[in-house]
There are 2 protein chains.
Amino acid sequence: MLRFRCIQLFTSPFEAPFIQSFKPHTSISCAQMGSYSTTSSSAQNSPKLVFRQLFEKESSTYTYLLADASHPQKPALLIDPVDKTADRDLALVKELGLKLIYAINTHVHADHVTGSGLIKTKFPGVKSIISKASNAKADLFVEPGDKIYFGDIFLEVHATPGHTLGCVTYVTGDGPNQPQPRMAFTGDALLIRGCGRTDFQGGSSDKLYDSVHSQIFTLPKDTLLYPAHDYKGFTVSTVGEEMLYNPRLSKDKETFKNIMQNLNLSYPKMMDVAVPANMVCGLQETKSEAC
Amino acid sequence: MLRFRCIQLFTSPFEAPFIQSFKPHTSISCAQMGSYSTTSSSAQNSPKLVFRQLFEKESSTYTYLLADASHPQKPALLIDPVDKTADRDLALVKELGLKLIYAINTHVHADHVTGSGLIKTKFPGVKSIISKASNAKADLFVEPGDKIYFGDIFLEVHATPGHTLGCVTYVTGDGPNQPQPRMAFTGDALLIRGCGRTDFQGGSSDKLYDSVHSQIFTLPKDTLLYPAHDYKGFTVSTVGEEMLYNPRLSKDKETFKNIMQNLNLSYPKMMDVAVPANMVCGLQETKSEAC
């Protein structure tokens, strides 16, 4: 059963993020909670999303920077940061005058080392987030139905296992003052005209098909899809496009499973380094203390 | 003296684009011309920009696809297409149901071969566009102040010489129903936290400084900047950001010129192939017939 929770920045009296559980499908939002820290200045303005897509060329990984520029603190988060480009991303955060609060992973990556641990050593106030189902270390764990707030904007957590057991897709909120069209950060569950492999890390083509069809293809067709990787130079797609043109996931389930079983992919060269490191925020030497 | 002209898609009775000159600083727009082909369906809706940023990894080139999705024909254009990724771009145009009308270059590139000629051989209705100052071949030549219409959306042509003599920046229109914030496609004149080199092809650091400061830094600060290349994984910047943080162009002119004179860059490996090819739309063997 899904639980609905909010993870939200509190500036006072709490420094740490606040997590609260709600009954399923409740309509209450974090913004309605009495202790919400928004100011009149923020309340008068609609949230304004700052959004940057950043590329790490070696592993063809996309990192995403999102912030609420209308909030007095400009709280920001990074989705799928890479260790090699962490300094670039942090410099940008600083130049844009943002307050980085979360470093979030969609899953335990096998092709690059996450930057979340490194970022936390440089910006100690940042909290790392990953799904509980990933079994990895982090400061905060999310489950399906959770909402991650940064200012007045939030991401919903959708479980999309299949590439790994713990894969999630983060989707911008469906509500007033949330970005339109919606945006889904799909990790490796759904790539543009492709998808992540399903032959290791608890992968399952059966599960991946169900995940994408139940959690992503049910979103509005104009929802913008931002994957964790692209190898052909695409930057964005939409739900409507992938439903029509994804050469794997637009097929029926049996055809999809057959495609995935016959990919004959080589063993990922970074796997033996990346997976153990990414179980502990990318910093093996310091283990859980860095997470 | 600037001349103001409109380049606009006519579906009937002309198949070819229509170019007309107006007196400088006239307020007339193409949409006000009697023979404009918009329909009531289009007129009732605000233009809706379809926008895709596409990357060619080998030369780190960005190609941009823009279209007016509210127009019945969904007219589209490609800015700085690359020969190696032309098939990818054309497949996307087809999947999105767009009608490609223009293949546009910001300048004669020295680091990759343009896809404009190749695209014209595959989509014969497409017209190639480049600046008159480039001295290259094309179907249509633009000059500062020209407007390039695709549906109800237009790009303004700003002369930004300095990387080459014929460099231009294409800027989305400043008017009702034009995309907000504005978007500037800067070619190699202004890169994110950098700029194009100025040591060949009629390059001039003096001219480049004046171009960027007079034609780009005078745009609204929230104008989105989309360059022809990025080598660090950035996808977009803003005028406000580059005015503050561009390590070259935020300096005074003498400092900038000194920086550019001491870059000690190697000779571009593609230059002797790319420049002659790009003078004729990337297709040397067929020369001007393909342009």
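No experiment lies behind these values; they were computed from the predicted model shown.

## Concerning the pairing of strand S10 (residues 153–159) of chain B
Residue and element names in this part refer to chain B. With 6 of its 7 residues buried, S10 lies for the most part within the structure. Where strand S9 (residues 147–150) and S10 come together, 4 bridges link them in antiparallel fashion. Looking at the pairing, Lys147 lines up with Glu156 of S10. Here S9 folds back onto S10 in antiparallel fashion, the turn holding 2 residues, of which Gly151 has a positive phi close to 65°.

## Digging into the pattern of salt bridges
Counting across every chain of the model gives 30 salt bridges over all chains. Its salt-bridge partner being Arg193 of chain A, residue Glu241 of chain A comes within 2.8 Å of it at the nearest N-O pair. One end of the pair, Glu241 of chain A, is in helix H5 (residues 239–245); the other, Arg193 of chain A, is in the loop between strand S12 (183–187) and helix H4 (205–216), with 48 residues separating them in the sequence. Just as Glu241 of chain A is buried, Arg193 of chain A falls in that class too. Here Lys253 of chain B and Asp210 of chain B are joined by a salt bridge, their closest N and O atoms 3.0 Å apart. Linking Lys253 of chain B in helix H6 (residues 253–261) with Asp210 of chain B in helix H4 (residues 205–216), this pair joins segments that are 43 residues apart in sequence. The class for Asp210 of chain B is partly exposed, based on a relative accessible area of 36%.

## Observations concerning the packing of aromatic side chains
On inspection of all chains with the given rule, the structure shows 21 aromatic pairs over all chains. Residues Phe51 of chain B and Tyr226 of chain B carry aromatic rings whose centres are separated by 4.8 Å and whose planes lie at 55° to one another, so their mutual orientation is tilted. Of this pair, Phe51 of chain B sits in strand S3 (residues 49–56) while Tyr226 of chain B sits in strand S13 (residues 224–227); the two residues are 175 residues apart in sequence, bridging distant segments of the chain. Here the aromatic cluster, defined as three or more aromatic residues joined through ring pairs, consists of Phe51, Phe55, Tyr62, Tyr64, Phe185 and Tyr226 of chain A together with Phe51, Phe55, Tyr62, Tyr64, Phe185 and Tyr226 of chain B.

## Observations regarding helix H6 (residues 253–261) of chain A
Residues and elements named next belong to chain A. For H6, the full list of buried residues reads Phe256, Lys257 and Met260. The buried side chains of H6 occupy one side of the element, clustering within an arc of 95° when seen end-on. On its buried face, H6 is in contact with H4.

## Considerations on the interface of chain B and chain A
Contacts between the two partners involve 20 residues from chain B, matched on the other side by 20 residues from chain A. Among the residues chain B hides against chain A, the three largest losses belong to Arg52, Lys57 and Glu95 of chain B. Together they make up 28% of the total. A salt bridge links Arg193 of chain A to Glu95 of chain B, with the nearest nitrogen and oxygen atoms 2.5 Å apart. Counting the contacts that link chain B with chain A gives 17 residue pairs in polar contact (both at pLDDT 80 or more). If one sorts the elements of the side of chain B that touches chain A by residue count, S3 of chain B sits on top with 4 residues.

## Re the sheet that holds strand S4 (residues 61–68) of chain A
Residues and elements named next belong to chain A. If you trace the 6 strands from one edge of the open sheet to the other, you get S3-S4-S5-S6-S7-S8, paired in mixed fashion. In the strand order of this sheet, the two ends are held by strand S3 (49–56) and strand S8 (140–142), each with one partner. Here the average twist between neighbouring strands, direction ignored, is 25°. Bridging between strand S7 (residues 127–131) and S8 involves 3 bridges; their strand directions are parallel. Along S8, the bridge assignment pairs Ile129 with Leu140. Contacts from helix H2 (residues 86–95) reach S3, S4, strand S5 (75–79) and strand S6 (99–104), with the element oriented near 160° to S3.

## Section: the sheet that holds strand S5 (residues 75–79) of chain B
Residue and element names in this part refer to chain B. Taken in spatial order, the 6 strands line up as S3-S4-S5-S6-S7-S8 in an open sheet, and their pairing is mixed. The sheet is open, and its two edges are formed by S3 and strand S8 (140–142), each paired on a single side. Averaged over all pairs of adjacent strands, the angle between strand axes in this sheet comes to 25°, irrespective of strand direction. Pairing of strand S6 (residues 99–104) with strand S7 (residues 127–131), which is carried by 3 bridges, proceeds in the parallel orientation. Paired with Ile104 across the bridge in S7 is Ile129.

## Observations concerning the relation of the copies chain B and chain A
With an RMSD of 0.0 Å, the operation that places chain B on chain A is a rotation of 180° combined with a shift of 0.0 Å along the axis. Such a combination of rotation and displacement between the chain copies is what one expects of a two-fold axis. Looking at the rotation axis and the C-alpha trace of chain B, the residue lying nearest is Lys57 of chain B, at 4.1 Å. A share of 100% of interface residues in chain B that are also interface residues in chain A marks the association as one of identical surfaces.

## Quick look at H4 of chain B
When the terminal C-alpha atoms of H4 of chain B are compared, their 16 Å separation across 12 residues agrees well with the 16 Å that a helix rising 1.5 Å per residue should span. Against S10, strand S11 (168–172), strand S12 (183–187), S13, helix H5 (239–245) and H6 of chain B lie the buried residues of H4 of chain B.

## Some words on the packing of H4 of chain B against H6 of chain B
Residue and element names in this part refer to chain B. At a closest axis distance of 9 Å, the pairing of H4 and H6 adopts a crossing angle of 130°. One way to sum up the angle between H4 and H6 is to call them oblique. At the point where H4 passes H6, the crossing takes the right-handed sense. Contact residues: Ser205, Asp206, Leu208, Tyr209 and Asp210 in H4; Lys253, Phe256, Lys257 and Met260 in H6.

## Examining unusual backbone geometry
Backbone torsion omega between Gln180 of chain A and Pro181 of chain A reads -5°, so that peptide bond is classified as cis. Mapped onto the secondary structure, Pro181 of chain A falls in the loop between strand S11 (168–172) and S12. A positive phi angle is found at Asn177 of chain A, which is not glycine, with a value near 70°. As for its position among the elements, Asn177 of chain A is in the loop between S11 and S12. In this structure, Asn264 of chain B is a non-glycine residue whose phi angle is positive, near 50°. Considering the arrangement of structural elements, one finds Asn264 of chain B in the loop between H6 and helix H7 (271–278). A residue is classified by how much of its surface remains accessible, and Asn264 of chain B, at 72% relative accessible area, is exposed.

What counts as what
Residues numbered from 1 in each chain as written. Chains lettered and ligands numbered in written order. Predicted model: local features only at pLDDT ≥ 70, side-chain atom pairs only at ≥ 80, totals over all residues. Heavy atoms only, no water. Buried < 20%, exposed > 50% of the residue type's maximum accessible area, 1.4 Å probe, protein only. Helix = DSSP H or I, 4+ residues; strand = E, 2+ residues; numbered from the N terminus. Pairing = 2+ DSSP bridges. Salt bridge = Lys/Arg side-chain N within 4 Å of Asp/Glu carboxyl O. Phe/Tyr/Trp six-rings, centres within 6.5 Å; stacked < 30°, edge-to-face > 60°. Arc of directions from axis to C-beta. Contact = heavy atoms within 4.5 Å. Buried area = accessible area lost by both parts, 1.4 Å probe. Polar contact = N/O pair within 3.5 Å; in protein donor to acceptor, adjacent residues only side chain to side chain. Axes fitted to C-alpha atoms, helices over the stretch in contact; angles between N-to-C directions. Least-squares fit on C-alpha atoms with pLDDT ≥ 70 in both. Expected span 1.5 Å × (residues − 1). Parallel < 35°, antiparallel > 145°, perpendicular 65-115°, else oblique. Left-handed = near helix turned anticlockwise from the far one by under 90°.

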